[in-house]
Amino acid sequence: MWGRKRENIQRLMCKVEKKERKGVMGIKVLGGGGGGEKLKNSVLVTAASSPSRSKMKLWMIRATTSILLWTCIVQLMALGDMWGPRVLKGWPACFSQESAAASSVLQDPLPSLPVRALPPKRVYKNNGYLMVSCNGGLNQMRAAICDMVAIARYLNVTLIVPELDKTSFWADPSEFKDIFDVDHFITSLRDEVRILKELPPRVKRRVELGMFYTMPPISWSDMSYYRNQILPLIQKYKVVHLNRTDARLANNGQPLEIQKLRCRVNFSALRFTSQIEELGRRVIRLLRKNGPFLVLHLRYEMDMLAFSGCTQGCNIEEVEELTRMRYAYPWWKEKIINSDLKRKDGLCPLTPEETALTLSALDIDRDIQIYIAAGEIYGAERRMASLGKAFPKLVRKETLLEPSDLRFFQNHSSQMAALDYLVSLESDIFVPTYDGNMAKVVEGHRRFLGFKKTILLDRKLLVDLIDQYTSGSLGWDEFSSAVKEAHANRMGNPTNRLMIQDRPKEEDYFYANPEECLQPSDDELSST
């Protein structure tokens with residue numbers, strides 16, 4: 001139908017253009033022979049006697065042509081937006097075979113690109129809108145996003161793309177779209193939950209008028225809490241804003257489909273931007289050129305030491321600086337901390353010196369590349385000297401890449417952490433010196449990728465063994481044997497997640513060991 005209409009309009013335009021052309025060029029066409037000469041003289045006399053009339057006719061023809069042309073274009077654009085650009089770009093000429101051939105080429109359909117199959121949209125009655133503001137660093141927010149998708153799915157609500165933390169210690173101004181592929185996030189989950197980049201206009205207006213409810217949900221809650229407490233609020237206010245999202249969903253006791261959805265979001269839907277992914281691949285290629293590599297998540301940064309109060313190996317000025325920093329952040333609730341006692345309880349990140357001894361005791365190859373996945377190490381070269389002496393092939397993203405490669409990532413700690421995350425996933429060995437959020441989430445992701453080697457350090461045992469070795473009460477061979485024996489079964493191999501009733505903070509973190517996603521369910525086993 002569209003083709004016939006377009007052909008009719010083209011035919012009409014051609015007739016009009018030919019008519020105009022004949023009017024303008026008629027003298028030349030009729031010229032020839034005696035009769036033609038007489039007619040020519042007659043026309044010239046007539047033209048001379050009434051020049052204004054000829055000009056008026058010519059003007060009328062051109063005006064009519066222009067009106068018809070624009071009327072046709074407007075009608076086509078009104079009939080369908082997709083036709084507008086084609087009409088403007090591919091309108092055929094009427095007087096040459098070459099133009100006609102070019103027109104036919106333009107009308108031929110372009111070779112179609114393969115269309116990525118999207119999951120079908122899930123149809124459900126929308127109970128309202130859920131807005132969330134994540135808090136913390138990249139991996140704390142990552143886990144929270146997975147939880148919020150699962151909660152939105154369970155409550156049959158529309159989720160608005162989460163807002164990322166911009167007020168934490170790192171003060172990273174990055175939006176969701178600056179770190180994650182937002183379109184992939186939305187489309188890959190369309191069969192589970194409706195996700196929008198922003199509220200619809202009329203709902204947004206309600207929020208601007210303050211007609212919504214905001215609150216922090218209770219930590220480690222199960223789905224019954226969200227069904228009984230949060231859903232009624234959404235149904236009443238239409239929009240609920242959860243302003244803190246870290247550790248708000250319980251590790252255990254959730255429906256199997258919810259646990260699997262948390263995994264799907266984490267391992268599939270949350271894909272970094274193409275810029276971050278490409279730079280991460282480049283770092284991995286550079287490392288692979290020189291053989292296997294170990295990623296050391298050395299969490300010996302100023303913010304961690306100030307927060308934890310761990311000052312092992314620091315001088316007096318550094319201890320005072322870290323203490324001042326701890327008091328400067330009111331939401332860091334613990335202020336008076338006994339560093340020695342905390343260290344003996346295994347609650348401090350290993351120092352660079354302790355890390356060097358531990359890796360050596362585990363017989364890590366001295367010549368292996370060690371990629372430091374961390375920010376600036378507190379104490380810099382002074383504290384890294386022993387680790388560099390034991391393992392001289394220490395590298396960082398800043399040493400592997402040019403400054404121009406990282407220009408757009410500077411002052412964006414979450415984007416820098418995303419690069420470290422990608423390299424950590426691909427490493428031959430991953431060793432975190434503290435069980436923070438990155439260590440836990442990477443550990444779980446490496447389990448999902450086939451239980452890749454991840455050395456989970458027993459810090460409480462290690463600091464005791466290290467103290468015995470440095471005091472001379474334990475020889476190197478005894479020390480090394482004890483360290484290897486203690487970690488023989490702490491290499492990221494399959495294990496059951498530890499569950500502790502009514503003590504969720506002490507049990508194993510879901511994202512460190514999402515075992516529901518790592519092995520087939522009973523139903524799947526019985527069907528095979």
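Before going into details, it helps to say that this report is about the structure given with it.

Definitions and cut-offs
- Residues numbered from 1 in each chain as written.
- Predicted model: local features only at pLDDT ≥ 70, side-chain atom pairs only at ≥ 80, totals over all residues.
- Heavy atoms only, no water.
- Helix = DSSP H or I, 4+ residues; strand = E, 2+ residues; numbered from the N terminus.
- Buried < 20%, exposed > 50% of the residue type's maximum accessible area, 1.4 Å probe, protein only.
- Contact = heavy atoms within 4.5 Å.
- Areas by Shrake-Rupley, 256 points an atom, 1.4 Å probe, with all protein chains shown as cover.
- Core = buried A, V, L, I, M, F, W, Y, C linked by side-chain atoms within 4.5 Å.
- Domains from an automatic or database assignment.
- Disulfide = S-S within 2.5 Å.
- Pairing = 2+ DSSP bridges.
- Right-handed = clockwise from strand over helix to strand, strands pointing away.
- Salt bridge = Lys/Arg side-chain N within 4 Å of Asp/Glu carboxyl O.
- Axes fitted to C-alpha atoms, helices over the stretch in contact; angles between N-to-C directions.

**Details of the overall build of the protein**
Piece 1. On a plain count of helices and strands, the protein comes out with 23 helices and 9 strands.
Piece 2. Counting all 528 residues of the protein, 45% fall into the buried class.
Piece 3. Long-range pairs, those at least 24 residues apart, make up 76% of the contacts in the protein between residues at least 6 apart in sequence.
Piece 4. A total of about 28800 Å² of accessible surface is found on the protein, and carbon and sulfur atoms cover 56% of it.

**With respect to the nonpolar core**
Piece 1. The biggest cluster of nonpolar side chains holds 78 residues, and the ones touching the most others in it are F176, F185, V265 and F272.
Piece 2. For this core, the element with the highest residue contribution is helix α6 (residues 138–155), accounting for 12 residues.
Piece 3. When we break this core down by domain, the ones giving at least three residues each are domain 1 (129–269) and domain 2 (274–517).
Piece 4. Beyond its immediate chain neighbours, meaning those up to four positions away, F185 contacts I145, V149, P162, F176, I195, V265, A269 and L270.
Piece 5. I370, F391, L465 and I466 belong to the second largest nonpolar core, which has 36 residues in total.

**Details of the state of the cysteines**
Piece 1. According to the stated counting rule, one finds 2 disulfides in the structure shown.
Piece 2. Here C263 pairs with C517 through a disulfide, and the sulfurs are 1.9 Å apart. Because the sign of the S-S torsion sets the handedness, a value of about 85° for the bond joining C263 and C517 places this disulfide among the right-handed ones. You can see C263 sitting in helix α11 (residues 256–269) and its partner C517 sitting in the loop between α22 (476–486) and α23 (522–527), a full 254 residues away along the chain. As far as the burial class goes, C263 and C517 line up, both buried.
Piece 3. In this model, C310 is linked to C348 through a disulfide, with the two sulfur atoms separated by 2.0 Å. Classification of the bridge connecting C310 and C348 rests on its S-S torsion, roughly -85°, and on that basis the disulfide is left-handed.

**As for the sheet that holds strand β1 (residues 129–132)**
Piece 1. One open sheet holds the 5 strands; their spatial order is β3-β2-β1-β5-β4, and the pairing between them is parallel. Looking along the sheet, the strands with just one partner apiece sit at the ends: β3 (195–196) and β4 (213–215).
Piece 2. Pairing between strand β2 (residues 158–160) and β3: 2 bridges, direction parallel. In the strand pairing of β3, L159 is matched with I195.

**Considerations on the pairing of strand β5 (residues 239–242)**
Piece 1. Here β5 shows a buried face lined by V239 and H241 and a second buried face lined by V240 and L242.
Piece 2. Strand direction decides the pairing type here: β1 and β5, joined by 4 bridges, are parallel. Across the sheet, the residue bridging to M131 is H241, located in β5.
Piece 3. Of the strand pairs in this sheet, β4 and β5 are connected by 3 bridges, and their pairing is parallel. If you follow M215 over to β5, its bridge partner there is L242.
Piece 4. Running through helix α10 (residues 223–237), the crossover from β4 to the neighbouring parallel element β5 is right-handed.

**Side note on unusual backbone geometry**
Piece 1. With a phi close to 55°, W220 is a non-glycine residue in the positive phi region.
Piece 2. Among the structural elements, W220 can be located in the loop between β4 and α10.

**With respect to the pattern of salt bridges**
Piece 1. Inspection of the entire model under this criterion finds 32 salt bridges.
Piece 2. We note a salt bridge from D183 to K197, for which the minimum N-O separation is 2.9 Å. A residue pair is termed long-range when its members are at least 10 positions apart, and D183 in helix α8 (residues 182–188) and K197 in the loop between β3 and α9 (201–208) qualify at 14 residues.
Piece 3. With relative accessibility at 43%, the residue D183 sits in the partly exposed group.
Piece 4. For D428, the salt bridge is made with R288, and the minimal N-O distance between the two is 2.8 Å. Here R288 lies in helix α12 (residues 274–288) and D428 lies in the loop between α19 (413–426) and β9 (429–432), a separation of 140 residues in the sequence.
Piece 5. Residue class for D428 comes out partly exposed when judged on its relative accessible area of 33%.
Piece 6. Taken together, the salt bridges that share partners define one network made up of R153, D191, E192 and R264.

**A short note on the sheet that holds strand β7 (residues 369–372)**
Piece 1. Ordered in space as β8-β7-β6-β9, the 4 strands form an open sheet in which the pairing is parallel. Edge positions in the sheet fall to β8 (394–395) and β9, since each of these pairs with one other strand and no more.
Piece 2. Summarising the sheet, β7 and β8 pair through 2 bridges and their orientation is parallel. From the neighbouring strand, I370 faces β8, where its bridge partner is L394.
Piece 3. Running at roughly 155° to β7, α12 makes contact with β6 (293–297), β7 and β8 of the sheet.
Piece 4. In the packing of helix α20 (residues 437–448) onto the sheet, contacts are made with β6 and β9, and the angle to β9 comes to roughly 155°.

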